[in-house]
Number of protein chains: 2
Amino acid sequence: MNGRGGYRELIKLTSFYPDLASRSRSATTQTHTMSCLLRSTCVARRTTVTTTATTPATTPNWAHGPIRGPPLARRALSTTRAMQIETVDFGERSYPIYIGQNILDDDQSLLRKHITGKTALIVTNETIAPLYLERCKSAIEADGTIKVEVVKLPDGEQYKTVDVLSMIWDKALECRMDRRTTFVALGGGVVGDMTGFAAASYQRGVNFVQVPTTVMAQVDSSVGGKTGVNHPLGKNMIGAFYQPQCVLIDTDSLNSLPDRELASGISEIIKYGLIRDAELFVWLEENIDRLLERDPKAFTYAIQRSCWNKAEVVAADEKEGGVRATLNLGHTFGHAIEAASGYGTWLHGEAVGTGIIMASDMSRRLGWITEELDQRVQDLIRRSRLPVVPPKEMTVDEFKSYMAVDKKVQDGTIRLILLKGALGECVITGEYDPQALEDTLAHFCGSAVGRTMQDEVCAEDPSADECRVYED
Amino acid sequence: MNGRGGYRELIKLTSFYPDLASRSRSATTQTHTMSCLLRSTCVARRTTVTTTATTPATTPNWAHGPIRGPPLARRALSTTRAMQIETVDFGERSYPIYIGQNILDDDQSLLRKHITGKTALIVTNETIAPLYLERCKSAIEADGTIKVEVVKLPDGEQYKTVDVLSMIWDKALECRMDRRTTFVALGGGVVGDMTGFAAASYQRGVNFVQVPTTVMAQVDSSVGGKTGVNHPLGKNMIGAFYQPQCVLIDTDSLNSLPDRELASGISEIIKYGLIRDAELFVWLEENIDRLLERDPKAFTYAIQRSCWNKAEVVAADEKEGGVRATLNLGHTFGHAIEAASGYGTWLHGEAVGTGIIMASDMSRRLGWITEELDQRVQDLIRRSRLPVVPPKEMTVDEFKSYMAVDKKVQDGTIRLILLKGALGECVITGEYDPQALEDTLAHFCGSAVGRTMQDEVCAEDPSADECRVYED
């Protein structure tokens, strides 16, 4: 046990949110990840058990429809564990997601046991390095059998480029790292995506491990194997589907996260609520303030629930042939904002937040969701301190131009994830009235209507975040 | 039928080398690719048939041992077909290799039927474009449903870099090519490797097709899905395992190949003979002059036999966990030569030729093969007009430095493919007397022995290719 906490501290995390768990379907056979906290050898495994919930068995009145989304098995969250383990099921390539407090360098050597070979390369950035690098390095070097090298990238989405990616390859080759080495991604989504692609392509593929340190990376980007870099003409256009050996989420790392980064990650949690998990959306409506206040129990719950959603979707559709595309709700609009405003100006999750509002607006115009649901989406994004309108200077044509190179485009048709039906239901489709898209873009960009939502927001409160922060 | 030949001309290729086929094991059940020449829809398929050979059933006296190599099923070559089809068996990802004369744009639309989506990007180089680009483009555009774009890379191994690779990504994005597009590699090994990696990483993976135009690419690099680019510190260090939709080998393209390129490819054919196909090695000893004279029947046989060997090995071990590494005979030495002398100075196959001689020399020093076999290897490489010694300026230390970053290195041990036993038998191992490696390097580099093989060769004939061409 060291001064930064460890094994025993994990127990503090037990028994959060029994109220929510009890709302799950009762006495039903569900897939369940067993805790291994008290076992000497900790191996993630899943087993099918019968879970009996206490109250109530009926659908609660806050559910606007059955949880549908993709046709995947659902299961109750365990609420009696300290360290949570989710499993991403890819057959022989399955891997665990560890979620807990201070597990980066606890005495279970979680990280160490997923390093193969005799060398490891930690990839991090200049911001994260002073905070966690030494702990991460020590955890891997603890038994003296692994030689660790480090490469520090500049921090920011604007550095998610092929040129910066080369720094990882260069370092690995300079250190003569062989095919059995393991790359360790220590940082947020940018570090994770770049390290993953570097690992996928170094000597045609070496092992890698994800140690995400931001909400965005912990709830979304570190799970599922999407890796890559940006191109001036489009986001994440160069990359690979490549799965890690494990994902290790130390929730304590959120304590060092700037407010803007924190809010950015919340947009992806909201996304899961909208595309497949109505329960989670309602929970967010009730608990968003606790997340913004960094309540550790609330965050651990939100992270686990998000990872569980993500793991189910990507296991069903690794290479985005179908249902996985629903994870892109708001991203087609969001990627256009990121690319047009220059990568790094908007955080990814900020752009996704506005993108979700735009997708919801278009869904309402199509008559696919109620005005009430559209309003709930707007309200939750706004309460999450995320921007709700795109940059003032963006035009309809700019949006269309960037959306036309989206990865979901098929033979010229822009396919979008849109909300349709009750809360938690969505579709991926290229079959929509194009006028609805035109109207949404015009409304948000203000090129065709007299008064835009942005005008309205800023007229009402010129000091609002969305008027102040994103004008440059 | 057009002026460049086509369907009927294919029939000219029938019935070559019945003498060799008759040497195969008789009346044995073997996997066999059916010809589909005369069918209206041509689909590659394999079926198990009983082949009865006429003479002789016993092992011929020229075979120095049983064909062993990896424990894979072997089969007789069909000698009654015009267009040959081999299949690379990867389950759902299996793909055909078409081999024939003038099949690039014949009326079977072989190429067209493997293009998915509504766009294709032909990647070629400045040398190949004037020769085959228009034919290739016309073949794809024939029915008017596919829009074709082209990117021309500079020609040469020295351009197999990340920077030049970006030209492919840039072009695809500028043309707004979507995930359903198909990249077509029209050229030699460099074009094929780069196009394959560009396809593997563009939007995390799009389809691609190989149309190899050099011996090197036709007998080796276009089959099996190894893609990538070089790094200043090592050959093919950045890349992916990524399989094409088909390989289309038009043997007529060899007519335009420079002599040096032709010889370069022969080294890989020799390699198959040494690692697993004694029959092929003996055939090469008897027919090397016909290959150098570009006898089309001899070449078609050598290409098919090579593809058959390659397809069997890579199907058994796609990601080089074991037996596939044997395809690297001579490559560890060869890659060091290429990197040290500057990519593009030596052709890849030239470096492999010298590398095979060095591997054979080391095998003899270890007592693993006879002096006679070592001599036969040297003789065949020399008769193939390939260099038999590394560049004069290369030192033992340089060799070791480059060999240390080879992809087969494991935890600091340089693993090598070495000959062991009879003709056609080899091992991949890190367990050898290191003195043998020292002695081989010293002998070929001349840093520790008074008189090197290079000295000997050049003293005997200062105008020999190996003294003239590779000194700069």
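Residues numbered from 1 in each chain as written. Chains lettered and ligands numbered in written order. Predicted model: local features only at pLDDT ≥ 70, side-chain atom pairs only at ≥ 80, totals over all residues.

Engineer: Report on the overall build of chain A, specifying residues and quantitative values.
Structural biologist: Within chain A one finds 15 helices and 13 strands. Going through the 472 residues of chain A one by one, you find that 51% of them count as buried. In chain A, of all internal contacts separated by at least 6 residues, the share reaching a separation of at least 24 is 75%. (Helix = DSSP H or I, 4+ residues; strand = E, 2+ residues; numbered from the N terminus. Buried ≥ 20, exposed ≤ 12 C-beta atoms within 10 Å, placed from the backbone. Contact = placed C-beta atoms within 7 Å.)

Engineer: Just give me the short version of the interface of chain A and chain B, but keep the residues and values in it.
Structural biologist: Each side of the interface is counted separately: chain A has 32 residues, and chain B has 33 residues. For the side of chain A that touches chain B, the elements supplying multiple residues, two or more each, are α3 (162-174), α4 (189-201), β9 (226-231) and β10 (234-241) of chain A. Here the side of chain A that touches chain B takes 6 residues from β10 of chain A, the largest share from any one element. A class-by-class count of the residues in the side of chain A that touches chain B yields 13 nonpolar, 10 polar and 9 charged. (Nonpolar A, V, L, I, M, F, W, Y, C, P; charged D, E, K, R; others polar.)

Engineer: I'd like a rundown of the environment of Glu285 of chain B, residues and numbers included.
Structural biologist: Residues and elements named next belong to chain B. Within the fold, Glu285 resides in helix α7 (residues 278-292). The class for Glu285 is partly exposed, based on 15 C-beta atoms found within 10 Å. With 187 residues separating them in the primary sequence, Glu285 and Tyr98 have C-alpha atoms 26 Å apart.

Engineer: Can you explain the pairing of strand β5 (residues 119-125) of chain A? Please cite residues and give values.
Structural biologist: Residues and elements named next belong to chain A. Burial analysis of β5 places 7 of its 7 residues in the buried class, which makes it a mostly covered element. Sheet topology places β5 next to strand β7 (residues 182-187); 4 bridges connect them, and they run parallel. By the bridge assignment for β7, Ala120 is matched with Thr182. (Pairing = 2+ DSSP bridges.)

Engineer: Lay out helix α9 (residues 331-341) of chain B with the relevant residues and their values.
Structural biologist: All names here are of chain B. Burial within α9 is extensive, with 9 of its 11 residues counted as buried. The set of residues buried in α9 consists of His331, Thr332, Phe333, Gly334, His335, Ala336, Ile337, Glu338 and Ala339. On the buried face of α9, the contacting elements are β10 (234-241), α10 (348-365), α12 (396-403) and β12 (416-419).

Engineer: Could you give me a rundown of the relation of the copies chain A and chain B, with the residues and numbers involved?
Structural biologist: Superposing chain A onto chain B requires a rotation of 180° together with a translation of 0.0 Å along the rotation axis, leaving an RMSD of 0.0 Å. What the superposition gives is, in effect, a two-fold axis relating one chain to the other. In terms of C-alpha distance to the rotation axis, chain A has Val162 of chain A as its closest residue, with the C-alpha 4.2 Å off the axis. When the interface residues of chain A are mapped onto chain B, 100% of them are again interface residues, pointing to one common binding face. (Least-squares fit on C-alpha atoms with pLDDT ≥ 70 in both.)

Engineer: Which residues make up the domain arrangement of chain A, and what are the values?
Structural biologist: Residues and elements named next belong to chain A. The assigned domain composition of chain A is domain 1 (8-313) and domain 2 (329-468). Opposite the 35 residues of domain 1 that make contact, domain 2 presents 31 residues. Put simply, the parts of the chain that give the side of domain 1 that touches domain 2 at least two residues each are β10, α6 (259-275) and α7 (278-292). Looking at which element gives the most residues to the side of domain 1 that touches domain 2, the answer is α6, with 12 residues. Taken together, the residues that form the side of domain 1 that touches domain 2 break down as 13 nonpolar, 11 polar and 11 charged. (Domains from an automatic or database assignment.)

Engineer: Go over helix α2 (residues 129-141) of chain B with me, naming the residues and quoting the values.
Structural biologist: Residues and elements named next belong to chain B. Within α2 the residues assigned to the buried category are Tyr132, Cys136, Lys137, Ala139 and Ile140. Looking down the long axis of α2, one finds its buried residues gathered within 160° of arc, a one-sided arrangement. Among the exposed residues of α2, those pointing more than 90 degrees away from its buried face are Pro130 and Glu134. Among the structural elements, β5 (119-125), β6 (147-153), β7 (182-187) and β8 (207-212) are those in contact with the buried residues of α2. (Arc of directions from axis to C-beta.)

Engineer: An account of the confidence of the model for chain A is requested, with residue identities and associated values reported.
Structural biologist: Residues and elements named next belong to chain A. Averaged over all residues, the pLDDT of chain A equals 81, while 77% of them reach at least 70. For residues 1-81, every residue scores under 50 in pLDDT, and the model assigns this stretch 127 contacts once sequence neighbours within four places are set aside. Within the model, pLDDT remains below 50 along residues 447-452, and this stretch shows 10 contacts once partners closer than five positions in the same chain are excluded. The ipTM value of the predicted complex is 0.79, and its pTM value is 0.79. (pLDDT = per-residue confidence, 0-100.)

Engineer: Which residues make up the environment of Ala311 of chain B, and what values go with them?
Structural biologist: All names here are of chain B. Topologically, Ala311 is positioned in helix α8 (residues 296-316). Assessed through the 24 C-beta atoms surrounding it within 10 Å, Ala311 is described here as buried. Along the backbone, Ala311 and Asp89 are 222 residues apart, and their C-alpha atoms lie at a distance of 7.4 Å.

Engineer: Can you lay out the environment of Ala217 of chain B for me, pointing to particular residues and giving the numbers?
Structural biologist: All names here are of chain B. The topology assignment puts Ala217 in helix α5 (residues 215-221). With 119 residues separating them along the chain, Ala217 and Ala336 place their C-alpha atoms 20 Å apart. Not counting chain neighbours up to four residues away, the residues in contact with Ala217 comprise Gly188, Gly189, Gly192, Pro212 and Ser222.

Engineer: If you had to explain the packing of α7 of chain B against α8 of chain B to someone new, which residues and values would you point to?
Structural biologist: Axes are the key here: two packed helices are described by the angle between their axes and the distance separating the axes. Residues and elements named next belong to chain B. For the pair α7 and α8, the least separation of the axes is 10 Å and the interaxial angle reads 145°. The chirality of how α7 crosses α8 is left-handed. The segment α7 lies against α8, with Leu280, Asn287, Arg290 and Leu291 engaging Ala298, Phe299, Ala302 and Arg305. (Axes fitted to C-alpha atoms, helices over the stretch in contact; angles between N-to-C directions. Left-handed = near helix turned anticlockwise from the far one by under 90°.)

Engineer: Outline the pairing of β7 of chain B, supporting the account with residue identities and numerical values.
Structural biologist: Along any regular strand, the residues point their side chains to alternate faces of the sheet. Residue and element names in this part refer to chain B. Taking burial as the measure, the 6 residues of β7 include 6 buried ones, the bulk of the element. When β7 meets β8, the two strands line up parallel, connected through 6 bridges. From the neighbouring strand, Phe183 faces β8, where its bridge partner is Phe208. Once the chain exits β7 it traverses helix α4 (residues 189-201) before rejoining the sheet at β8, and the crossover so formed is right-handed. (Right-handed = clockwise from strand over helix to strand, strands pointing away.)

Engineer: Could you give an account of unusual backbone geometry, naming the residues involved and the relevant values?
Structural biologist: Of note in this structure, Asn102 of chain A is not a glycine but carries a positive phi near 55°. Among the secondary structure elements, Asn102 of chain A is positioned in the loop between β4 (95-100) and β5. Classification of Asn102 of chain A by C-beta neighbours within 10 Å gives partly exposed; the count is 19. In this model, Glu320 of chain B sits at a positive phi of 55°, which is unusual for a non-glycine residue. Considering the arrangement of structural elements, one finds Glu320 of chain B in the loop between α8 and α9. Owing to 23 C-beta atoms within 10 Å, Glu320 of chain B belongs among the buried residues under this scheme.

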